[in-house]
Amino acid sequence: MSRIDVRKTYKLYIGGQFPRSESGRSYVVNDAKGRLLANAAQASRKDARDAVVAARAAFGGWSGKTAYNRAQVVYRIAEVLEGRREQFEAELRAAEGISTAKARTYVDAAIDRLVWYAGWADKITQVVGNANPVAGPYFNLSTPEPSGVIAVVAPRGALLGLVSVVAPLIITGNTVVVIASEDNPLTAITLGEVMATSDLPGGVVNVLTGSQAEIAPWLASHMDVNGIDLTGVEDVALATELEAAGADNLKRVRRPAPDTDWLAEPGLDRMTRFLETKTVWHPIGV
Amino acid sequence: MTPTPSSTASAPAEHAATDGSFDDIVRSDSSLRRFLHGLPGVDQVGCEARAAGLGTRSIKTTSKAFAIDLAIRMVDLTTLEGQDTHGKVRALASKAMRPDPADPTCPATAAVCVYPDMVATAKQTLGDSGVHVAAVATAFPSGRAAMDIKLADVQDAVEAGADEIDMVIDRGAFLSGRYLEVFEEIAQVREACGDAHLKVIFETGELQTYDNVRRASWLAMMAGGHFIKTSTGKVQPAATLPVTLIMLEAVRDFREQTGQMVGVKPAGGIKTTKDAIKYLVMVNEIAGPDWLDPDWFRFGASTLLNDLLMQRTKMTTGRYSGPDYFTLD
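Residues numbered from 1 in each chain as written. Chains lettered and ligands numbered in written order. Predicted model: local features only at pLDDT ≥ 70, side-chain atom pairs only at ≥ 80, totals over all residues.

Per an unreviewed UniProt entry, chain A is named Aldehyde dehydrogenase family protein, and its organism is Nocardioides baculatus.

Now the structure itself:
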């Protein structure tokens, strides 16, 4: 008698837990050739709401850690990812229909991207912060601080794309609610498992799977979300609508970038877009 | 008396005083004990299952809007901390009168609940707004003081203008079976209250069993409490759905026997709109719609109000609100 396969249930990743969607819904995810791969949870607006609550709760602790400590945690994600590279290569081949070599390239790049951003944690302040010369006996110091809770619509690149949008946000101290690529959600949840087992406090990254058009407007209009990254929004009308909804509480917005080459070196922009500059004046001498 | 088979009936049929007087029962410690221990036992599993079942009801759209406004009107906005200042009480009283300054259609809360020395301050801010001032008294929260001190505590609060007094029972006396002592205590405090309404706090987290909650409920109702209240908020677990269910059954059965209505107030641990709506569903199903009124049901809470306001804002604006848009307390 042949052994029965043990199939994995792909759920959401919210607040360090893996709950099913509150709505009880799921949707079919196919591989590149149109065959059934698995069912993924289809998140509702209430899952998005719960994720924002979890991200807000995690923000104080995460942004309060030293940059050095955040670097260690993100580096640890890279370490754990390295240990599970076969699983990710297999998932990428199945989901995107790419060759073994190509899958390996993407996993390598994703791990390297994490390490690259981890290195930036305790350097970004020196690069974009400043001691400003002022006309008076004052120290005038500008330092970047995280914006808060950032909603992210992830691009198609199931692993590298996701890592490339999430890592720059958390490394600076933001917490994130990310809507995984609608067509390729499974790797995002597996990445959630990696994050759950790598010292990243619950709630710092929350992963939702499901319909972008359904969930994103609720995050864009949410008054407790401080920024929205629309990188993965391919529908121009939806992107405009989301940007307009975000204006209500002056969210920082990052516009869609459909043609990004994720293998290229990313630069600092993804980190600096969701930072607030705090400037303090301090008298010199007595 | 043998317990009745039904877990939902708490009325002691045989000992019932049909004329609404309990003189026979409270004649002596032993007759009172016989009565209280003759109350039907609570089916713990059944009670918890019933409370959990009622918690699954789905309340949406217009019903939800109604429930949220009703819950806001039922809130006893509470601050009972050693660090309370006059400024904080004034801020809290202002919030009680107008919980959402951005929306004039938002109703006021039922009362603010403070320590006796803060009553005058709260009264001054609230004026004739209709929001009551409730004061905790009788050596809150432990209830460990001599009787004359407890009574002085009550008189102090009443003289300062408190409309409602929240007293704590002596759990030590109750648990060691000195029921008449507890009865006398409640009756004396009730007398000291004058026109002020009396809420009797059981601290159900310390009463150990559901049977004791039922006994305490009857004891307090017979002694003349206007409200029975679960907890001080200082002990965990505070208010729970099953405990409130038992108390709602008690007030329902008490009205059936005596015609008098007694209010119920769960306090402590109710933090979300979802929780509050569960309680309201239970009030409607167990005690009946007559209790769906701030005169007969209250929430003792502080953080609950902000969640109610956020949900209310979500319903009126169509987008999720955040804690940044409401005062901290």
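Moving on from the model shown.
Student: Would you mind showing me how to read the pairing of strand β6 (residues 175-179) of chain A here?
Tutor: Each regular strand carries side chains that alternate between the two faces of the sheet. All names here are of chain A. Of all five residues that make up β6, five are buried, and the element is covered over most of its length. Taking every second residue as pointing to the same face, both faces of β6 are buried, with T175, V177 and I179 on one and V176 and V178 on the other. The sheet contact formed by strand β5 (residues 149-153) and β6 spans five bridges and is parallel. What sits directly across from V152, in β6, is V178. (Buried ≥ 20, exposed ≤ 12 C-beta atoms within 10 Å, placed from the backbone. Helix = DSSP H or I, 4+ residues; strand = E, 2+ residues; numbered from the N terminus. Pairing = 2+ DSSP bridges.)

Student: For this particular structure, what's the right way to read the UniProt feature "domain: Aldehyde dehydrogenase" (unreviewed entry) in chain A?
Tutor: The sites that UniProt annotates as "domain: Aldehyde dehydrogenase" (unreviewed entry) are residues 22-253 of chain A. Segment residues 22-253 of chain A splits into 51% helix and 18% strand. End C-alpha atoms: 28 Å apart. (UniProt positions renumbered as here; feature names shortened; annotations may be inferred.)

Student: Sorry, what's going on with the pairing of strand β4 (residues 138-146) of chain A here?
Tutor: All names here are of chain A. Here strand β3 (residues 130-131) runs beside β4; their pairing, made up of two bridges, is antiparallel. Opposite N130, over in β4, you have S142 as the bridge partner. Between β3 and β4, which pair antiparallel one after the other, the connecting turn spans six residues. One ladder, built from nine bridges, connects β4 with strand β10 (residues 275-283); its direction is antiparallel. In the sheet register, P146 faces β10, and the bridge partner there is L275.

Student: Help me understand helix α6 (residues 160-171) of chain A, please; the structure alone is not making it clear to me.
Tutor: Every α-helix carries 3.6 residues per turn, so stepping three or four residues along brings you back to the same face. All names here are of chain A. With twelve residues, α6 extends 16 Å between its outermost C-alpha atoms, agreeing within 8% with the 16 Å of an ideal straight helix rising 1.5 Å per residue. Taking burial as the measure, the twelve residues of α6 include twelve buried ones, the bulk of the element. Buried within α6 we find L160, G161, L162, V163, S164, V165, V166, A167, P168, L169, I170 and I171. Of the residues trailing α6, G173 is marked for its positive phi of about 110°. (Expected span 1.5 Å × (residues − 1).)

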